[in-house]
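Residue-level structural notes
So the chains spell out like this:
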Amino acid sequence: MFDVVLKNAKLFLDGEVREAELAITDGRISKIAKDIRADDILDARGSLVLPGVVDVHVHFRDPGMTHKEDWYSGSSAAAAGGVTTVVDHPNTTPPTTTLKSFRVKLKAARKSIVDFGINAGVVEGAQLETLWRAGITAFGEIYMAESMGKMCVDDDALSNALKTIAQLGGIACIHAEDERVIKERTRKLVGKTDPSVYSASRPNESEKDAIAKAIRFANTARCKLHICHISTREGLRFMSKNVTCEVAPHHLLLTEKDWNRLGSLGKVNPPLRSEEDKRALWAGLQNRIGIIASDHAPHILEEKEQDIWSAPPGVPGVETSLPLMLHAVKAGHISLQCLVGRMAINPARVFGLNGKGDIKVGNDADLVFIDPKDVKPIKAENMHSKAGWTPFEGMHAIFPKMTMVRGAIVYDGEVVGEKGYGRFIPGRGRQIYI
Ligand code: DOR
Ligand code: ZN
């Protein structure tokens, strides 16, 4: 009757950890009960079983920059980090701004071993309505300042895009940095070579101004707004019921103090911030911050080891986000409920990824198996991303023992998922089947 029944596991169910058995049929959770009769048993003794992580912010670089990452390497890193669904962002080459480029991305994603959504890029001339009907997850990230990929929009383009997105009923994801503030500050820092000046070139004020503007435009357009990778205490104050946001582990765990250790490797947009900002972000996880997403943005060492102004912005993170946050649970910084809410339940709910994000009957059997006692230091050599390095080198983490996507084991200490097993999860607007 069931394909397999998990026995002896502790499951995260309805906000608490309980001993129960879980049956899987055709990749879905078909029953949760005390004692389920079964022919095929998976003994999960000693494991804590959580819903697979839904990471709504990754840059898998494929098509176009596959020396940094491709859908197989990126999704392998995801699986090894307990991430069972990713949402890929549009600054690839070509950018995902037309139906044609969306098709190219879907084809590239046929290498994925985890399930995925795809976001549409917002630039002038982008086919927003068509992409929405084709099933993209959300719009953006929309760049208010130059970052990776030359996809910046000006005020008019932003406000027009928000009107269209509102009409469609979609969500606008904003990379909130203000171009004017950045240009002005950067001009004053020309000639300086200490990597830490990068934080000064994109100050808190830049995020604050950009969020204020995005909210103003979104209110006029009546558009649903999501702020990507929030990084400042000033930015946080704008968050409310109507504006969702995500935080990245690098802003929770690294600060300007890490410039010394990381040099240009620490360059990321928005940049590393102060201890005070970091504290505000941890506090924000209790209320205003509903989502943790990695902003996995791999670049290879050769690219990153340049002077601070020439190095590309971005750090890898899809494989380390759950392990680092599980360690934060162990250290008492957040609760397990908070972690599962921010990393699985909320991202699936906010972005309409049906069947994902929670352990309940009818949902996909996307599960991650943990041994909470198994603390290890992070080592670049164990990572699966093509980046080949991590900003979290040496930090303590709890890596999954096993990861399951729709009932199939994709990682069990080794990556065992079949290339192409991952499925496209269409967004709320899908009407065109391509
Ligand atoms: O640091 C960043 N890198 N910030 C972004 O917004 C883009 C990302 C990338 O794609 O490398
Ligand atoms: Zn961004």
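One can find the structure itself at the top, above this paragraph.
This report concerns the structure included in the present document. Note that the coordinates shown come from a computational prediction; the quantities given were computed from them, not determined experimentally. (Residues numbered from 1 in each chain as written. Chains lettered and ligands numbered in written order. Predicted model: local features only at pLDDT ≥ 70, side-chain atom pairs only at ≥ 80, totals over all residues. Heavy atoms only, no water.)

1. Focus: the coordination of the zinc ion (ligand 2)
Note the cut-off: For Na, K and Ca the donor cutoff is 3.2 Å, while for all other metals N, O and S atoms must lie within 2.8 Å; water is not among the atoms, so some sites may look incomplete. Four donors are marked tetrahedral only if all angles between them lie between 85 and 135 degrees, whereas four are marked square planar and six octahedral if opposite donors are more than 155 degrees apart and the other angles lie between 65 and 115; the remainder are marked irregular. Strands here mean DSSP runs of E at least two residues long; helices mean DSSP runs of H or I at least four residues long; both are numbered from the N terminus.
Protein-derived ligands of the zinc ion (ligand 2) are Glu 141 (OE), His 175 (ND1) and His 229 (NE2), with the metal-ligand distances lying across 1.8 to 2.2 Å. Taken together, the four donor atoms coordinating the zinc ion (ligand 2) and their angles of 80 to 136 degrees define a geometry best described as irregular. One chain supplies every donor for the zinc ion (ligand 2), spaced along it as E-x33-H-x53-H. Of this pair, Glu 141 sits in strand β11 (residues 139–143) while His 175 sits in strand β12 (residues 171–175), and the two are 34 residues apart along the sequence.

2. Looking at the sheet that holds strand β7 (residues 48–51)
Note the threshold: Pairing between two strands requires that DSSP report at least two bridges joining them. All axes are obtained by fitting lines to C-alpha atoms, using only the stretch in contact for helices, and the reported angles, taken between N-to-C directions, cover 0 to 180 degrees.
Spatial strand order, β3-β2-β7-β16-β19-β20: six strands in an open sheet with mixed pairing. Since the sheet does not close on itself, it has two edges, and those belong to β3 (16–19) and β20 (408–411), each with one partner. Taken over all neighbouring pairs, the strand axes of this sheet differ in orientation by 30 degrees on average, direction set aside. Bridge count between strand β2 (residues 10–13) and β3: four bridges; the pairing is antiparallel. Across the sheet, residue Leu 13 finds its bridge partner in β3, namely Glu 16.

3. Quick look at the nonpolar core
Filter applied, for reference: Put simply, a nonpolar core is a bunch of buried Ala, Val, Leu, Ile, Met, Phe, Trp, Tyr and Cys residues held in one set by side-chain atoms that sit within 4.5 Å of each other. Exposure is judged per residue with a 1.4 Å probe applied to protein chains only, and the accessible area is read against the type maximum: over 50% gives exposed, under 20% gives buried, and values in between give partly exposed.
Val 86 and Leu 285 are the most contacted members of the largest nonpolar core, which has 86 residues in total. With 19 residues, the next largest nonpolar core counts Leu 189, Leu 262, Leu 265 and Val 315 among its residues.

4. Examining the pattern of salt bridges
Where we set the bar: Salt-bridge detection follows one rule: a side-chain nitrogen of Lys or Arg within 4 Å of a carboxyl oxygen of Asp or Glu.
Here the structure, examined in full by the defined rule, presents 27 salt bridges. Across the salt bridge formed by Asp 115 and Lys 356, the nearest N and O atoms sit 2.6 Å from each other. One end of the pair, Asp 115, is in strand β10 (residues 115–118); the other, Lys 356, is in the loop between α14 (336–350) and β16 (367–370), with 241 residues separating them in the sequence. Judged by relative accessible area, Asp 115 falls into the buried class, the value being 0%. For Asp 209, the salt bridge identified is with Arg 180, shortest N-O distance 3.7 Å. In this pair, Asp 209 is assigned in helix α7 (residues 204–221) and Arg 180 in helix α5 (residues 179–189), connecting sequence segments 29 residues apart. Several salt bridges share partner residues, and in doing so they unite Arg 28, Asp 115, Lys 356, Asp 364, Asp 366 and Arg 406 into one network.

5. Considerations on the site of ligand 1
Operational definition: Proximity criterion: a residue is near a molecule or strand once any of its heavy atoms comes within 4 Å of it. In protein, a polar contact means a hydrogen-donor-capable atom and an acceptor-capable atom, both N or O and within 3.5 Å, with residues adjacent in sequence counting only if both atoms are side-chain atoms; elsewhere, any N or O pair within 3.5 Å suffices. The Shrake-Rupley method, run with a 1.4 Å probe sphere, supplies the accessible areas, and residue values consider only the shown protein chains as cover.
Arg 61, Asn 91, Met 148, His 175 and Asn 269 are the nearest of the 14 residues found near ligand 1. Separating an oxygen atom of ligand 1 from a side-chain N or O atom of Arg 61 is a distance of 2.7 Å. Between ligand 1 and Gly 314 there is a distance of 3.3 Å, counted from an oxygen atom to a backbone nitrogen or oxygen. With the chains in place, 100% of the 290 Å² that ligand 1 exposes on its own is no longer accessible.

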